[in-house]
Amino acid sequence: MGKDSIPFLDLVTTHVELEQELNEVFKHALHTASFIGGSMVEQFEQAFAEFCGTKYCAGVGSGTDALRFALIAAGVKSGDVVITVPNTFIATTEAISQAGAQPRFVDICENTYNMDPAKVRQYLEDSCTVDDQLGVVIDDETGKPVTTIVPVHLYGQMADMDALLEIAEEHGLIVVEDACQAHGAQYFSKKENRWIKAGSIGKAAAFSFYPGKNLGACGEAGAVTTNDSSLAQKTRTLRDHGQSKKYYHEVEGYNGRLDSIQAGILNVKLQHLAQWNRRREEAAYQYDKLLLSVEGVVRPYTPEWARSVYHLYVVRVPEREGLQKHLAEAGIGTGIHYPVPLHLQKAYEGQGWKRGDFPITEQIASEILSLPMYPQLSTQQQSRVVGEAARYLRNELRAEKVGVSGISLKSSN
Ligand SMILES: *Cc1c(COP(=O)(O)O)cnc(C)c1O
């Protein structure tokens, strides 16, 4: 990359800045040969629970492990229907399927890109029946019990939890948060009249510490947070081959532990997370300001009840492919999260989903673009990103006005 190129994500600077502290972690592990479990894992679990405002945290092997274990520990059973969104990373539905359940999608809100509580209610009221004898909600199409909602706090912003929790309570459903992109995000609960951290509002939550997340390991890692001691205990058993005592297996579990070196690294980085999140928030504010005057760009929307940690800064633009190509040529990296909605993925062919099922998700999938976003991103770099985007869009709009190209402001598909 050229001298003034701007990567989509800069993972090198952070690690070089913390090199000495991170080396100490490795040294400690070598000198004590504690590679699995031990004090570094326990320390991190305690510190992360405190950060999230939960009683318990169980470190696991990845965010996908975290979500799978959280679902199983929360009581999701084979054959259950679990409500989630098609606008997320496939790990969300992988975890649901691997817990033995089947995902049922509802569409997202057009402004926040997160789960739309009204659509959850609509599904439960129009497409389900309450079995009065069993006291459960049954999906009319499959005849299976609907037991759980998995809202995804996408891009670092929480879903509308008051509304979702209310629906869950009315219908006797469990809520498990996919907080894999939302370390430190907050939600203002009107019901409780206070700001609540992601990971502490549902029955349990899953976090990922994949390197590119706001809090990332130097490898794979994840965690389950909860206020429920028995759920925490079940998670600890599941991650360790179903044993609570060595070689005494209560259930068949998984190899899904958090290793000590990653825990030690996360301990070091957790000290910086609040400040990194503030830097991201400042960068988002700066983008908002710079983009205000750029015609044709829809900026991220943050309701007054949400405080985002901007895992991603996602805009919507017409002619997304053209803009992405233009930025790439100018040395600016971008991403698309996500280009293909889950219900249209090849992996789910033959499940009965089709184009048109979730129109908002489908519409935004062709328009969203994630701009460079990380704590070290400078104001100058942001100005260049927005300057280049503005230049491209101005030319496109002008071309459209004089009828040179067939491009219209509204995306054609
Ligand atoms: C990253 C991510 C996951 C999975 O985490 P891994 O650590 O990669 O297994 C799950 N859900 C969402 C929304 C994610 O962004």
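These figures come from a predicted structure and were not determined experimentally.

A closer look at unusual backbone geometry
- At the junction of His337 and Tyr338, the peptide bond is cis and its omega measures out at 15° in the coordinates.
- Tracing the backbone shows Tyr338 in the loop between helix H10 (320-329) and helix H11 (359-365).
- Phi is positive for Asn193, close to 55°, though the residue is something other than glycine.
- Relative to the helices and strands, Asn193 is located in the loop between strand S8 (186-189) and strand S9 (194-197).
- What makes Asn193 exposed here is its relative accessible area of 58%.
- Backbone geometry places Tyr247, a non-glycine residue, at a positive phi of 70°.
- If you trace the backbone, Tyr247 turns up in the loop between strand S12 (243-245) and strand S13 (248-249).

Thoughts on the site of the ligand
- Taken together, 13 residues form the shell around the ligand, and within it Gly63, Thr64, Gln181, Ser208 and Lys213 come nearest.
- Measuring from an oxygen atom of the ligand, one finds a side-chain N or O atom of Lys213 at 3.0 Å.
- The protein chains hide 93% of the 380 Å² of surface that the ligand would expose on its own.
- Among the secondary structure elements, those contributing two or more residues to the shell around the ligand are helix H4 (63-74) and helix H5 (91-98).
- Classifying every residue of the shell around the ligand gives four nonpolar, seven polar and two charged.

Section: the domain arrangement of the protein chain
- Examined at the domain level, the protein chain breaks down into domain 1 (12-269) and domain 2 (274-412).
- Listed by partner, the interface residues are 43 residues for domain 1 and 33 residues for domain 2.
- Taking both sides of the interface into account, the surface hidden between domain 1 and domain 2 amounts to around 3,400 Å²; carbon and sulfur atoms contribute 59%.
- Three residues, Tyr113, Tyr155 and Asn214, lead the burial of domain 1 against domain 2; their summed loss comes to 21% of the area buried on that side.
- One can count zero salt bridges joining domain 1 with domain 2.
- Run the count over domain 1 and domain 2 and you get 19 residue pairs in polar contact (both at pLDDT 80 or more).
- Residue composition of the side of domain 1 that touches domain 2, by class: 20 nonpolar, 15 polar and eight charged.

Concerning the environment of Glu362
- One can find Glu362 in helix H11.
- Given a relative accessible area of 13%, Glu362 falls into the buried group.
- Here the alpha-carbon distance between Glu362 and Val175, two residues 187 residues apart in the chain, equals 25 Å.
- Sequence-distant contacts of Glu362, that is, excluding residues within four places in its chain, are made with Pro341, His343, Leu344, Lys354, Arg355, Gly356 and Asp357.

What counts and what doesn't
- Residues numbered from 1 in each chain as written.
- Predicted model: local features only at pLDDT ≥ 70, side-chain atom pairs only at ≥ 80, totals over all residues.
- Heavy atoms only, no water.
- Helix = DSSP H or I, 4+ residues; strand = E, 2+ residues; numbered from the N terminus.
- Buried < 20%, exposed > 50% of the residue type's maximum accessible area, 1.4 Å probe, protein only.
- Near = heavy atom within 4 Å.
- Polar contact = N/O pair within 3.5 Å; in protein donor to acceptor, adjacent residues only side chain to side chain.
- Areas by Shrake-Rupley, 256 points an atom, 1.4 Å probe, with all protein chains shown as cover.
- Nonpolar A, V, L, I, M, F, W, Y, C, P; charged D, E, K, R; others polar.
- Domains from an automatic or database assignment.
- Contact = heavy atoms within 4.5 Å.
- Buried area = accessible area lost by both parts, 1.4 Å probe.
- Salt bridge = Lys/Arg side-chain N within 4 Å of Asp/Glu carboxyl O.

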